[in-house]
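If you want the building blocks of each chain, they are given just below.
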Amino acid sequence: MGGSRASSTYGDAVRDLRQQLASAPSDAPPRLAKRTSNLFRFREPPTGPTLDVSAFSRVFNVDPDARTADVGGMTTYEDLVDATLPHGLMPLVVPQLKTITLGGAVAGLGIESTSFRNGLPHESVLEMDVLTGDGEVVLARPDNEHSDLFFGFPNSYGTLGYAVRLRIELEPVRPTVALRHLRFANAAECAEAIAEISKRHAHGDDAAPVDFIDGTVFGPDEYYLTLGRFTDDDVPHSDYTGTRIYYRSIHERTTDALSVRDYLWRWDTDWFWCSRALGAQHPLIRPLWPKRYLRSDVYRRIVALDRRYRLSDRLRALTRSPRQEPVIQDIEVPVDRLAEFMEFFHREVGITPIWLCPLRLRGTRTWPLYPLEPDTLYVNVGFWSAVDLRDDERVGDRNAEIERVVTALDGHKSLYSTSFYSEDEFRKLYNGAEHDQLKRRYDRDGRLPGWYDKCVRGR
């Protein structure tokens, strides 16, 4: 299979998967039979064909000398990290939640605190085998006959095909990540520091390198940047996998240290801070909540059940509480527009805490379906909650306003959650003409969902 280092069973799995797709009804788009999802475009349970992709949920090979790994597309980052850390290596970007899959982070978008130096997960992909809508499995590389698919696959969200194997770059780690939490009085000061640190990979006169940057906003006058660096220092490690809660430590202490594994998953235990809405942070409940269930995928399933049976909606109706609109989004704006966005956001939305994460493309290479500008430093802003609607608002109005502001500030929005763009707007913002060309080449009969249908209409 085009350079795969996997064992012979990989070839059998590929043949089986192709047969599954070929035997599925042609008039019903297939879905992947996956145990977990990190999308917030909730859809009805599948009634059409599902593809068993369990054979592609493992790490096939780690090459510590070349610093690469061959990985099944449905492999979670939790399993991938567990396979690479014993070699003293990790993926160049490890998204925040354990059950995000490698293929999902490439077909969608992933980000984390190394993105200011390593870009996005798809930028460390060297090659991938893709099951296309036409039923073929093709090897896509940046320098072969399927380079158009290689560059066009990121942000396609399963509308062109599914990555079944990816070869990715890895980087060395050290046992400890030492942290510093820096406080800023407003968004402008924070943005200035982000730009300076991201350029120099250092802060102030300190000679110690900065390997990780992200930020947490607790209010309009309480911004924090957390700077991390690898170290071999033998220091005590904090543990935020049980009763202690990581995000609260950010404004309680100025320095900290975690094992590299605990640092990578520091946000997963409490789904950033969103577990508080489910009662998992209540001091009487926390000691009784089994530690193995302090995980983002457990919380995601609880929310999915709530959405499916409308339990929260019914409770609000009974208590005559205000109507609410979920506002669950990640956006990116250039660093010099961050203060403008945050001023709007604090005034018109008001959700806190908020996550900040700087990112820059690794080089001059661009990715047509998510057109970031080379040499531009962006800041990802993540906010995940609900807002009370005003009397004159409909559900969707606040999200649509956020979209308008992000576009006006030369930013972009990730598509893992609900979107409200018109089809013309969507095609303009995400390069619909390029997607059309790829669709015609790799999914001629339209077996897979349409891009706008899937990402905006939620079909």
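So, here's what we can say about the structure.

About the thresholds
Residues numbered from 1 in each chain as written. Predicted model: local features only at pLDDT ≥ 70, side-chain atom pairs only at ≥ 80, totals over all residues. Heavy atoms only, no water. Helix = DSSP H or I, 4+ residues; strand = E, 2+ residues; numbered from the N terminus. Buried < 20%, exposed > 50% of the residue type's maximum accessible area, 1.4 Å probe, protein only. Contact = heavy atoms within 4.5 Å. Lys, Arg positive; Asp, Glu negative; His and termini not counted. Charge placed at Lys NZ, Arg CZ, Asp CG, Glu CD. Arc of directions from axis to C-beta. Salt bridge = Lys/Arg side-chain N within 4 Å of Asp/Glu carboxyl O. Phe/Tyr/Trp six-rings, centres within 6.5 Å; stacked < 30°, edge-to-face > 60°. Lys NZ or Arg CZ within 6 Å of the ring centre and 35° of its normal. Pairing = 2+ DSSP bridges. Axes fitted to C-alpha atoms, helices over the stretch in contact; angles between N-to-C directions. Core = buried A, V, L, I, M, F, W, Y, C linked by side-chain atoms within 4.5 Å. Patch = residues over 30% accessible without salt bridge, like charges linked within 9 Å, V, L, I, M, F, W, Y side chains within 5 Å. Areas by Shrake-Rupley, 256 points an atom, 1.4 Å probe, with all protein chains shown as cover.

## Topic: the overall build of the protein chain
Helix and strand content of the protein chain: 15 helices and 16 strands. C-alpha atoms of the protein chain, sized along the principal axes, occupy 55 × 55 × 45 Å. Expressed as a percentage of the 459 residues in the protein chain, the buried residues total 56%. By sequence separation, contacts in the protein chain at least 24 residues apart represent 72% of the contacts at least 6 residues apart. Taking the 60 positively charged and 68 negatively charged side chains of the protein chain as two groups, their mean positions are separated by 4 Å.

## Here we look at helix α14 (residues 432-442)
The set of residues buried in α14 consists of G432, H435, L438, K439 and Y442. Looking down the long axis of α14, one finds its buried residues gathered within 120° of arc, a one-sided arrangement.

## Quick look at the pattern of salt bridges
Under the definition given, this model contains 39 salt bridges. When the shortest N-O distance is used, the salt bridge between R165 and E127 registers 2.8 Å. Here E127 lies in strand β6 (residues 125-132) and R165 lies in strand β8 (residues 161-172), a separation of 38 residues in the sequence. For R310, the salt bridge is made with D313, and the minimal N-O distance between the two is 3.6 Å. For D313, a relative accessible area of 34% translates into the label partly exposed. Among the charged side chains, a salt-bridge network with shared partners connects D70, E127, D129, R141, D143, R165 and R167.

## A closer look at the packing of aromatic side chains
Counted by the stated rule, this structure contains 29 aromatic pairs. Centre to centre, the rings of F272 and W355 are 5.2 Å apart; their planes meet at 65°, and the pair counts as edge-to-face. Residue F272 is found in the loop between α8 (260-264) and α9 (296-309), and its partner W355 is found in strand β14 (residues 354-359); the two are separated by 83 residues along the sequence. Of the two residues, F272 and W355, both sit in the buried class. Three or more aromatic residues joined by ring pairs form one cluster here, namely Y240, Y246, Y247, W267, F272, W273, W355 and W384. For R117, the ring lying beneath its charged end belongs to F212, and the centroid distance is 6.0 Å. Directly above the ring of Y263 sits R266, whose terminal nitrogen or CZ lies 4.0 Å from the centroid.

## Thoughts on the sheet that holds strand β16 (residues 412-413)
The eight strands are arranged β12-β9-β11-β10-β14-β15-β13-β16 in an open sheet whose pairing can be described as antiparallel. Edge positions in the sheet fall to β12 (255-259) and β16, since each of these pairs with one other strand and no more. Pairing of strand β13 (residues 324-334) with strand β15 (residues 378-388) involves eleven bridges; the strand directions are antiparallel. Counterpart to V327 in the pairing with β15 is S385. Against the sheet, helix α11 (residues 338-348) makes contact with β10 (212-219), β11 (222-231), β13, β14 and β15, and its axis sits at roughly 5° relative to β15, the strand it touches most.

## Considering the nonpolar core
Judged by nonpolar contacts, the single largest core of 82 residues is most densely connected at M128 and F426. When residues no more than four places from it in sequence are discounted, the contact partners of M128 are V106, V138, L139, A140, L149, F150, F153, R165 and L166.

## Here we look at a nonpolar patch on the surface
The grouping of L305, Y309 and L311 at the surface amounts to a nonpolar patch, some 300 Å² of accessible area in total. By the secondary structure assignment, L305 is in helix α9. We classify L305 as partly exposed; its relative accessible area is 46%.

## A look at the environment of R427
Within the fold, R427 resides in helix α13 (residues 423-430). Placed 315 residues apart in sequence, R427 and E112 show a C-alpha to C-alpha distance of 27 Å. Setting aside anything within four residues of it in sequence, one finds R427 in contact with G432, A433 and D436.

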